[in-house]
Amino acid sequence: MSQPADPRTDANARAQARLEAAMEERKRSFLRMVSHELRTPLNSILGFSEILNAELYGPLGAPQYKEYAAIIHGSGQKLLKLVNQVLEIARLEGRTMDFALRHEPVELALDDALATLKPDLAARGVRVLVQGRGDLPAVLADPRGLRSLLFHLMHNAVAFSPDGGQVTVSAQARGEVVEITIHDDGDGVDPDDLPRLMAPFEQGENALVRKAEGAGLGLPIADLTAKAMDGRLKLTSTPGQGLTATVRLPLA
C-alpha cells in the first residue's frame with residue numbers, strides 16, 4: 001500500500017521551484033541590463049574609430065594610427081556582436097521575443113541568410129549547396145526568427161568547415177512538418193559532446209568549439225528560436241564526418 005505524499009515535501013519542492021524561477025529571471029534581467037549599458041560606449045567606439053580610419057577631419061600622421069583605428073573598429077564590432085547575442089539569449093529565454101508565425105518560403109529565407117554570410121563564405125572559400133532549389137516547401141514561422149535561425153546554423157556550419165569545403169542544405173516536407181538539414185564536411189564532434197553545444201557560453205575542449213572565435217551562442221540561439229516557433233533543433237555528428245543540424249518546423 002502506497003504511503004500518502006508528505007505535504008511538507010510538496011511545499012519544499014514548490015518553494016525550490018519558485019526560487020529557481022526567480023533566480024533565472026534575475027539572471028535574464030541582469031543580462032538585459034548589461035547588454036543595453038554596453039551598447040552606448042560601443043557605439044561611440046565604433047563611430048569615432050570609423051572617423052579616425054577615414055581621416056575625416058584631416059590626416060592622422062603616422063600610418064600606424066590608421067591601422068590601429070581599424071583594429072579598434074574591428075574589435076568593437078566583435079564586442080557588439082557578442083552583446084547583441086547575449087541580449088537575444090536573454091529575450092528568448094525570457095520569452096519576450098514577439099514572434100508572429102505566418103506562411104514563409106524556406107528558399108527566400110535561405111537566400112537572405114546566405115547574402116549576410118557572403119563575406120564569411122568568400123574569406124574561407126566555402127561553397128553552400130542548396131538541394132532542390134525552386135521546389136523547397138514553406139513553413140509556418142516568424143520571418144525574422146526563421147532568418148536568424150538559418151543564419152546561425154549556416155554560420156556555424158561555415159565556421160567549422162575546412163577552407164574550400166562545402167555546406168549542404170536541404171528542406172523536405174514530412175507529414176505536417178518541414179525538415180531542414182544543414183550539413184558541413186568538417187571534423188565533426190563526439191556525440192557525447194553534442195548537448196554541451198546547445199548550452200549558452202559553453203566552450204568545451206572539443207575541436208568543434210575551439211576552432212572558431214565566439215562565445216558559443218549561435219547554436220543555443222538557434223535552438224531557442226526553433227522552440228519559440230513551435231519547432232525543434234537536433235544535432236547529429238560522427239567524428240571525421242562533419243556535423244548535421246536538423247530543424248523541424250510546422251508545414252505552412
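Described below are features of the structure shown in this document.

Conventions adopted
Residues numbered from 1 in each chain as written. Predicted model: local features only at pLDDT ≥ 70, side-chain atom pairs only at ≥ 80, totals over all residues. Heavy atoms only, no water. Helix = DSSP H or I, 4+ residues; strand = E, 2+ residues; numbered from the N terminus. Buried < 20%, exposed > 50% of the residue type's maximum accessible area, 1.4 Å probe, protein only. Polar contact = N/O pair within 3.5 Å; in protein donor to acceptor, adjacent residues only side chain to side chain. Contact = heavy atoms within 4.5 Å. Salt bridge = Lys/Arg side-chain N within 4 Å of Asp/Glu carboxyl O. Pairing = 2+ DSSP bridges. Axes fitted to C-alpha atoms, helices over the stretch in contact; angles between N-to-C directions. Core = buried A, V, L, I, M, F, W, Y, C linked by side-chain atoms within 4.5 Å. Parallel < 35°, antiparallel > 145°, perpendicular 65-115°, else oblique. Left-handed = near helix turned anticlockwise from the far one by under 90°. Patch = residues over 30% accessible without salt bridge, like charges linked within 9 Å, V, L, I, M, F, W, Y side chains within 5 Å. Areas by Shrake-Rupley, 256 points an atom, 1.4 Å probe, with all protein chains shown as cover.

A few points about the side chain of H73
With respect to the element layout, H73 can be found in helix α2 (residues 63–93). Residue H73 is classed as buried on the basis of its relative accessible area of 15%. A polar atom in the side chain of H73 sits 2.8 Å from the side chain of E50. When neighbours within four sequence positions are excluded, H73 is seen to be in contact with L46, S49 and E50.

Section: the pattern of salt bridges
Applying the stated criterion to the full structure yields 10 salt bridges. Residue E179 is joined to R174 by a salt bridge in which the shortest nitrogen-to-oxygen separation is 3.1 Å. Taking relative accessible area as the criterion, E179 reaches 15% and is therefore assigned buried. K227 is the partner of D223 in a salt bridge, and the nearest nitrogen-oxygen pair spans 3.4 Å. Here the residue D223 and the residue K227 both occupy positions in helix α8 (residues 218–228), the gap between them amounting to 4 residues, near one helical turn. The exposure class of D223 is buried, given its relative accessible area of 10%. K227 gets classed as exposed once you look at its relative accessible area, which sits at 52%.

Here we look at the sheet that holds strand β2 (residues 127–130)
Strand order in the open sheet formed by 5 strands is β2-β4-β5-β7-β6, with mixed pairing between adjacent strands. Of all the strands in the sheet, just β2 and β6 (232–237) have a single pairing partner and so form its edges. Each neighbouring strand pair of the sheet contributes to a mean axis angle of 15°, computed without reference to strand direction. The pairing of strand β4 (residues 166–174) with strand β5 (residues 177–184) spans 8 bridges and is antiparallel. Within β5, the position partnered with A171 by the bridge is I180. Its contacts with the sheet place helix α3 (residues 106–116) against β2, β4 and β5, and it is angled at close to 175° to β2. Each of β6 and β7 (243–250) touches α8; the most contacted strand, β6, lies at about 140° to it.

Observations regarding the nonpolar core
L150, L153, M154, L233 and L235 are the most contacted members of the largest nonpolar core, which has 48 residues in total. With 7 residues, helix α5 (residues 143–159) is the largest single contributor of residues to this core. Once residues within four sequence positions are removed from consideration, M154 is found in contact with L110, A113, L114, L117, V169 and I182.

Details of the packing of α3 against α5
Two elements in contact, α3 and α5, have axes whose closest approach is 9 Å; the angle formed by their N-to-C orientations is 55°. What the angle tells us is that α3 and α5 run oblique. Where α3 crosses over α5, the handedness of that crossing is right-handed. Touching V106, L108, A109, L110, D112, A113, L114 and T116 of α3 are L146, R147, L150, F151 and M154, all from α5.

Quick look at unusual backbone geometry
Although it is not a glycine, E55 sits at a positive phi angle of roughly 50°. Backbone geometry at D230 places phi at a positive 65°, although glycine is not the residue there. Tracing the chain through its elements places D230 in the loop between α8 and β6. Judged by its relative accessible area of 60%, D230 is exposed.

Side note on a nonpolar patch on the surface
A grouping of Y65, Y68 and I71 is seen on the molecular surface, where their side chains present a nonpolar patch of about 340 Å² in accessible area. Tracing the backbone shows I71 in helix α2.

Some details on the pairing of β4
Sheet topology note: the β2/β4 ladder contains 4 bridges and is parallel. The residue of β4 that forms the bridge with R127 is Q166. Two successive antiparallel strands, β4 and β5, enclose a turn made up of 2 residues, where G175 displays a positive phi of approximately 70°.

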